[in-house]
Amino acid sequence: MNLALRDIRHNLGRFLLTCLGLGLLLGVALAMVGIYGGVVEEALSLARGLRADLWVVEGGSRGPFAEASRIPGDVREAVARLPGVTPAGSLTFQTVEARHAGGPGGNEPPSEELVRERAGEAGRQRIGAVLRLQVVGYEPDRPGGPPGILQGRGIGRGRLEMVLDRSAGVPLGAMVEMANIRYRVVGFSTRTVSTGGDPLAWITLRDSQDLQFRLNPPAARRAQQGGGGALPQDTVNAVIARISPHADPAAVAAEIRRWKHFAALTAAEQEQVLTRSVVDRARKQLGLFTTVLLLVSAVIVALIIYTLTMDKMREIATLKLIGAPDATIVALVMQQAMLLGAVSFAGGAALLLAVKDNFPRRVVLGPEEVAGFGLLVFVICLVASLLGVRYALRVEPAQALGG
Amino acid sequence: MSPLVELQGIAKGFGEGEARVQALSDITLSVAAGEVVGLRGPSGSGKSTLLNLVACILEPDEGVLRLADETVWQGRWAKADLRALRRRAIGFIFQFHNLLPFLDATDNVALAMTLNDVPLAKARDRARALLDYLQIGKRAGAMPAKLSGGEAQRVAIARALANQPHIILADEPTAALDSERAQVVMDLLRRVAREQAAAVLVVTHDDKIFSRFDRLVSLRDGRIEGEMRPG
Ligand SMILES: Nc1ncnc2c1ncn2[C@@H]1O[C@H](COP(=O)(O)OP(=O)(O)OP(=O)(O)O)[C@@H](O)[C@H]1O
Ligand SMILES: [Mg+2]
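Definitions and limits used
Residues numbered from 1 in each chain as written. Chains lettered and ligands numbered in written order. Predicted model: local features only at pLDDT ≥ 70, side-chain atom pairs only at ≥ 80, totals over all residues. Heavy atoms only, no water. UniProt positions renumbered as here; feature names shortened; annotations may be inferred. Helix = DSSP H or I, 4+ residues; strand = E, 2+ residues; numbered from the N terminus. Contact = heavy atoms within 4.5 Å. Areas by Shrake-Rupley, 256 points an atom, 1.4 Å probe, with all protein chains shown as cover. Lys, Arg positive; Asp, Glu negative; His and termini not counted. Charge placed at Lys NZ, Arg CZ, Asp CG, Glu CD. Patch = residues over 30% accessible without salt bridge, like charges linked within 9 Å, V, L, I, M, F, W, Y side chains within 5 Å. Salt bridge = Lys/Arg side-chain N within 4 Å of Asp/Glu carboxyl O. Pairing = 2+ DSSP bridges. Axes fitted to C-alpha atoms, helices over the stretch in contact; angles between N-to-C directions. Near = heavy atom within 4 Å. Polar contact = N/O pair within 3.5 Å; in protein donor to acceptor, adjacent residues only side chain to side chain. Nonpolar A, V, L, I, M, F, W, Y, C, P; charged D, E, K, R; others polar. Phe/Tyr/Trp six-rings, centres within 6.5 Å; stacked < 30°, edge-to-face > 60°. Buried < 20%, exposed > 50% of the residue type's maximum accessible area, 1.4 Å probe, protein only. Buried area = accessible area lost by both parts, 1.4 Å probe. 1 Å grid on protein atoms, 1.4 Å probe; cavity = no way out; pocket = protein on both sides within 12 Å on 5 of 7 lines; lining within 4 Å. Points joined across faces, edges and corners; volume = space filled by probe spheres on them.

Looking at an unreviewed UniProt entry, chain B carries the name ABC transporter ATP-binding protein, with the source organism given as Dankookia rubra. Recorded in UniProt under Sequence similarities (unreviewed entry), the annotation for chain B is "Belongs to the ABC transporter superfamily. Macrolide exporter (TC 3.A.1.122) family."

In the annotation of an unreviewed UniProt entry, chain A is listed under the name ABC transporter permease and assigned to Dankookia rubra. Its UniProt record gives chain A the following Subcellular location (unreviewed entry) comment, quoted word for word: "Cell membrane".

Given below as structure tokens:
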């Protein structure tokens, strides 16, 4: 005969109400874990989306995401010649304030009609809206392009084309203006955002170098005077390489490190750098919230179980009177704590999983996170019930006597 | 045959200093197997205290307490697991019935048996039989809150008898019953005393049942005032 269950059934309404409250609290704590997962996934999505086995960057730098990195574009050829490297590609990265510059139709400023016509369309951004984009310049047919095309096509050899993340909210075929140059959105990439959460835009390497020059003319001119070239100097931020499955990326990286002025990071090292620089802060913030919420949950569970046990003082004394051993009494208290935790956790987790796609922030929760969190709740309930257990063990059988 | 319950020079007080109440002094009393002994006296004379001492719920201050030929208290508890003693050897009917509010009548009785490792199904069968015998079989599925005082008292009696204990202690078991049912309860206690060779000690105010005791012990101000044999 399970006394814990029978007692709960006797006070079912109160128990469920308690579970509802605790469930909401645990749901919020679990949401924090999920938001952290989302931050990690977004932070790594760009590096992962580019599917680089190796990153070649400026010597002494942990670029191009965590630190600045500028290297000559011709490094790509040298990297490509290394044994084990299949293709290699030059990349630039810059965060740009862009403007949604109208629908399909070319470079003329959008007419009032067009503005009205396009306002409610697929794209959520109104014409003229300012967008923050992470612009990636890459060499078409080489590594570094968008990880996939959801809609439309990739950029061809033609200039001034752009593949954009759909989350930017600009419709396909529309124009995006950066530094007074307009680019046509020819395709949507599969979902990829920068480490800062900005939508990604891919343009050709040449367009991007042009853009770099226009956005920062003095620096580019100085470089030009030094180099003496007529065109913007061929500078990139990183060269990425794919490594053949038969070669060891770490060995290739070691080879590159022997060249002067260059650093090389394997994919794993790059993710580590990103995790440290971007994710650690989020981990600290969200970790703090989660810890506080779990502590609050623990205190609440402890108080609930303590109160539940105190309310049963007479029954516990009676059990002792009729000779129930301590094990029976400890089981009564602990099983109720476990049940409270289990029902609340299941309720909170179910609620969160049901609403997480409508969350303002990306929530990424795998079965491991949910199970780990469940285990934590279990331990919390176990520890929190000790207060109630201590009380129950101290009840004297004589307390059952008298009216 | 040596008595199942044996008290020698037992004393018990409550509180300290000015507030000290000497509830019992120099109590020497024994109850043999098969014997039904009544305990009477004015309110506050120490009847419940005496019963609780025998049940090992309260600790004596002085004297010797022996149950079933074993010393239980002499200067200190002589047995480690008093609860095991209670659940195996003692059936206790409380002055206030003390049923568990979250179990129905049957399971309140069956619980006492499952604590002694009787399988639940068997415990429930026996619980129902006991409730039938006490004429509350119809209320076997009711929760304690839905029972009248007399019904609850009879469920508590069934629980006390469930493990066929050798020592049965009852604090005013018939207080909430009409005289006909009070007689049924007394008949049952007498039968249990005979059939199980149990020692039965009953606190009572109820003069209608005085004649059903083998002996009646009177308490006054914590001392045994006298003893009589109604038969
Ligand atoms: N836990 C306690 N703390 C202090 N005093 C107590 C306690 N229990 C009993 N007493 C006192 O001991 C004396 C005997 O009480 P007891 O309950 O044994 O009387 P009783 O004969 O059972 O009375 P009643 O017929 O009213 O049930 C009383 O004076 C009572 O106030
Ligand atoms: Mg009393």
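A. Focus on the overall build of chain B. A count of helical and extended segments in chain B gives six helices and ten strands. If you line up chain B on its principal axes, its C-alpha atoms span 50 × 40 × 40 Å. Look at the contacts in chain B between residues 6 or more apart in sequence, and 67% of them connect residues 24 or more apart. Of the roughly 9,800 Å² of accessible surface on chain B, a fraction of 47% belongs to carbon and sulfur atoms. Each charge class in chain B can be summarised by its mean position, and for the 30 positive and 29 negative side chains these summaries are 5 Å apart.

B. Quick look at a nonpolar patch on the surface. Taken together, the side chains of L375, F378, V379, L382, V383 and L386 of chain A present a nonpolar region at the surface, about 540 Å² in accessible area. Here V379 of chain A lies in helix α11 (residues 367–394).

C. Examining the sheet that holds strand β4 (residues 62–67) of chain B more closely. Residue and element names in this part refer to chain B. Taken in spatial order, the four strands make up an open sheet running β2-β1-β4-β5, and their pairing is antiparallel. Edge positions in the open sheet fall to β2 (21–31) and β5 (70–74), since each of these has one partner strand only. Here the average twist between neighbouring strands, direction ignored, is 25 degrees. Each of β1 (5–14), β2 and β4 is contacted by helix α1 (residues 47–54), which is oriented at about 120 degrees to β1, the strand it contacts most.

D. Here's a closer look at the site of ligand 1. Residues and elements named next belong to chain B. Contacts to ligand 1 come from 14 residues, most closely from S43, G44, K47, S48 and T49. The separation between an oxygen atom of ligand 1 and a polar main-chain atom of G44 is 2.9 Å. With the chains in place, 61% of the 630 Å² that ligand 1 exposes on its own is no longer accessible. Of all the secondary structure elements, the ones that give two or more residues to the shell around ligand 1 are β2 and α1. A class-by-class count of the residues in the shell around ligand 1 yields four nonpolar, eight polar and two charged.

E. Representation of the packing of aromatic side chains. Residue and element names in this part refer to chain A. Evaluated as defined, the whole model comprises five aromatic pairs over all chains. Seen from their ring centres, Y306 and Y391 are 5.5 Å apart, and the 70 degrees between their planes marks the pair as edge-to-face. Taken together, the residues Y306 in helix α8 (residues 267–311) and Y391 in helix α11 connect sequence positions 85 residues apart. Looking at Y306, the relative accessible area reads 27%, which means it is partly exposed. With a relative accessible area of 21%, Y391 lands in the partly exposed category.

F. A look at unusual backbone geometry. In this structure, D117 of chain B is a non-glycine residue whose phi angle is positive, near 70 degrees. Locating D117 of chain B in the fold gives a position in the loop between α3 (105–114) and α4 (120–133).

G. Inspection of the interface of chain A and chain B at higher detail. In this complex, chain A contributes 25 residues to the contact, which on the side of chain B involves 23 residues. The contact between chain A and chain B buries some 2,200 Å² in all, and 68% of this surface belongs to carbon and sulfur atoms. The largest contributions to the chain A side of the interface with chain B come from M1, R6 and I322 of chain A, which together make up 29% of the buried area. The interface formed by chain A and chain B contains two salt bridges. Here D326 of chain A makes a salt bridge to R83 of chain B, at a shortest N to O gap of 2.7 Å. There are nine residue pairs in polar contact (both at pLDDT 80 or more) connecting chain A and chain B. Going through the elements one at a time, α1 (3–10), α9 (313–321) and α10 (326–355) of chain A are the ones with two or more residues in the side of chain A that touches chain B. Looking at the side of chain A that touches chain B, the element that brings in the most residues is α9 of chain A, giving six residues. Of the residues contributing to the side of chain A that touches chain B, the split by class is twelve nonpolar, six polar and seven charged.

H. Structural view of the UniProt feature "domain: ABC3 transporter permease C-terminal" (unreviewed entry) in chain A. Sites flagged by UniProt as "domain: ABC3 transporter permease C-terminal" (unreviewed entry) map to residues 288–397 of chain A. Taken end to end, residues 288–397 of chain A is 83% helix and 0% strand, and its first and last C-alpha atoms sit 44 Å apart.

I. Region of the structure containing the side chain of E6 of chain B. Residues and elements named next belong to chain B. Positionally, E6 belongs in strand β1. A polar atom in the side chain of E6 sits 3.2 Å from the side chain of Q8. Ignoring anything within four residues of it in the chain, the contact list for E6 reads L29, S30, V64, L65 and R66.

J. Inspection of empty space enclosed by the protein at higher detail. Following the criterion strictly, the structure yields one cavity of 30 Å³ or more and no others. Along the walls of the largest cavity sit 13 residues, with I322 of chain A together with I90, G91, F92 and R159 of chain B positioned nearest its centre. For the lining of the largest cavity, the secondary-structure elements that each account for two or more residues are α2 (82–89), β6 (90–93) and α5 (149–161) of chain B. Looking at the lining of the largest cavity, the element that brings in the most residues is β6 of chain B, giving three residues.

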